[in-house]
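Residues per chain, in single letters:
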Amino acid sequence: VAGRKTPMEVSAEILATLRFRAEDSFDDELHGAVITVPAYFDDAQRQATKDAAQLAGIHVLRLINEPTAAAIAYGLDNGSEGVYAIYDLGGGTFDISILRLTRGVFEVMATGGDSALGGDDYDQALAAWVLQQVGLGPVHDAAERAALHREARRVKEQLTSHDSVNFRTEVDGRVIEQVVRREDFEACTAELTGRTMAAVRKVLRDAGVGKDEVQ
């Protein structure tokens, strides 16, 4: 059917857009790129990523695991040797990796996580908590539900630097407002955070290290 695209073709279009942005920023051609992939990607997924980059006209210098890239970005490659934990709670997935740094070389000791747990779940939990506080049930209108979750995300992000934030949206023609304290957010998402920590404990066991050994 016309218009259908494979995941690799979609990925290639995204990478091509990033390539154009980079070339505009540096006013020069992109000669190559290091591309990061999730630590749990298998050989087929890694190859598909390389193929997508080549479709986008990008010369792949190297594929690197995201937790390793995060460690390098934070300067751990210049730091002390030892064991590091990379806790990566993204929008839709959670990944935890245990890395060992020895003489400037990273070894991925163990990886794990939950491919169905992420920041979106935190937004939904906060939105549900607010609805409960104001005495409302689930929101069925798609546009209102999307606005509700956007507001939940905004409040979540604001709570990083504020002790409390006003949550405000409209449901069924009614404006609802609720002050959300940081401890409210932590309480209504505690079950989700607990799931991430269960994954952390499992990966530590898989790596054969205790939490006190993590730098």
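The preceding data block contains the structure.
Cut-offs applied
Starting afresh in each chain, residues are numbered from 1 along the sequence in its written order. pLDDT decides what is reported in this predicted model: residues at 70 or higher carry local features, side-chain atom pairs at 80 or more are listed and counted, and totals for whole chains, interfaces and linings draw on all residues regardless. Excluded from the side-chain calculations are hydrogens and water; all other atoms, namely the structure's heavy atoms, are used. Each patch groups residues whose relative accessible area exceeds 30% and which form no salt bridge, using 9 Å between like charges and 5 Å between nonpolar side chains of Val, Leu, Ile, Met, Phe, Trp and Tyr. Computed with the Shrake-Rupley method and a 1.4 Å probe, the accessible areas treat only the protein chains shown as cover for residues. Salt bridges are defined by distance alone: a side-chain nitrogen of Lys or Arg within 4 Å of a carboxyl oxygen of Asp or Glu. We count a stretch as a helix when DSSP gives it H or I for four or more residues in a row; a strand needs E for two or more, and each element gets its number in order from the N terminus. Between buried and exposed lies partly exposed: a residue is buried under 20% and exposed over 50% of the maximum accessible area for its type, with that area taken using a 1.4 Å probe on protein chains only. By this rule, a helix spans an expected 1.5 Å times one less than how many residues it contains. Picture the helix axis, draw a direction to every C-beta atom, and the arc is the one those directions span. Contact criterion: two residues are considered in contact whenever any of their non-hydrogen atoms come within 4.5 Å of each other. Whether two strands pair comes down to DSSP finding at least two bridges between them. Seen with its strands pointing away from the viewer, a crossover is right-handed when the path leading from the first strand over the helix to the second is clockwise. Only four residue types enter the tally: Lys and Arg on the positive side, Asp and Glu on the negative side, with His and both chain ends excluded.

## Some points on a nonpolar patch on the surface
- Judged by side-chain polarity, Val10, Ile14 and Leu18 come together as a nonpolar surface patch covering roughly 260 Å² of accessible area.
- Here Leu18 shows up in helix H1 (residues 7–26).
- Relative accessible area serves as the criterion here: at 45%, Leu18 is assigned to the partly exposed category.

## A closer look at H1
- Over its 20 residues, H1 extends 29 Å from the first C-alpha to the last, a length consistent with the 28 Å expected when each residue adds 1.5 Å.
- Of all the residues in H1, the buried ones are Ala12, Leu15, Ala16 and Glu23. Projected onto a plane normal to the axis of H1, the buried residues spread over an arc of 115° and lie on a single side. Turned more than 90 degrees from where H1 packs its buried face, Pro7, Arg21, Asp24 and Ser25 sit exposed.
- Elements that come into contact with the buried residues of H1 comprise helix H2 (43–55).

## Some remarks on the pairing of strand S1 (residues 33–37)
- Side chains Ala33, Ile35 and Val37 of S1 all project onto a buried face; the interleaved residues Val34 and Thr36 project onto a face where none is buried.
- Sheet analysis places S1 next to strand S2 (residues 60–65), joined by five bridges and oriented parallel. Its bridge partner being in S2, Ile35 is matched across the sheet by Leu63.
- Handedness of the S1-H2-S2 crossover: right-handed.

## Thoughts on the pattern of salt bridges
- Enumeration according to the criterion identifies 12 salt bridges in this entry.
- Residues Lys5 and Glu13 are paired through a salt bridge, measuring 3.1 Å at the closest nitrogen-oxygen approach.
- Among the ionic pairs, Arg153 bridges to Asp123, the shortest N-O distance being 3.2 Å. Of the two residues, Arg153 sits in helix H5 (residues 142–158) while Asp123 sits in helix H4 (residues 119–133), which places them 30 residues apart along the sequence.
- Using a relative accessible area of 2% as the deciding quantity, one classes Asp123 as buried.

## Some remarks on the side chain of Asp95
- Relative to the helices and strands, Asp95 resides in strand S4 (residues 94–102).
- Although Asp95 lies buried, it forms no salt bridge, and the closest oppositely charged side chain, Arg46, sits 12 Å away as judged by the N-O distance.
- If near-sequence neighbours (up to four positions away) are discounted, Asp95 is found in contact with Tyr40, Ile86, Tyr87, Asp88, Gly112 and Gly113.

## Some details on the environment of Gly32
- Counting through the fold element by element, Gly32 comes out in the loop between H1 and S1.
- Along the sequence, Gly32 and Glu157 sit 125 residues apart, while their C-alpha atoms lie 34 Å from each other.
- Beyond its immediate chain neighbours, meaning those up to four positions away, Gly32 contacts His59 and Leu61.

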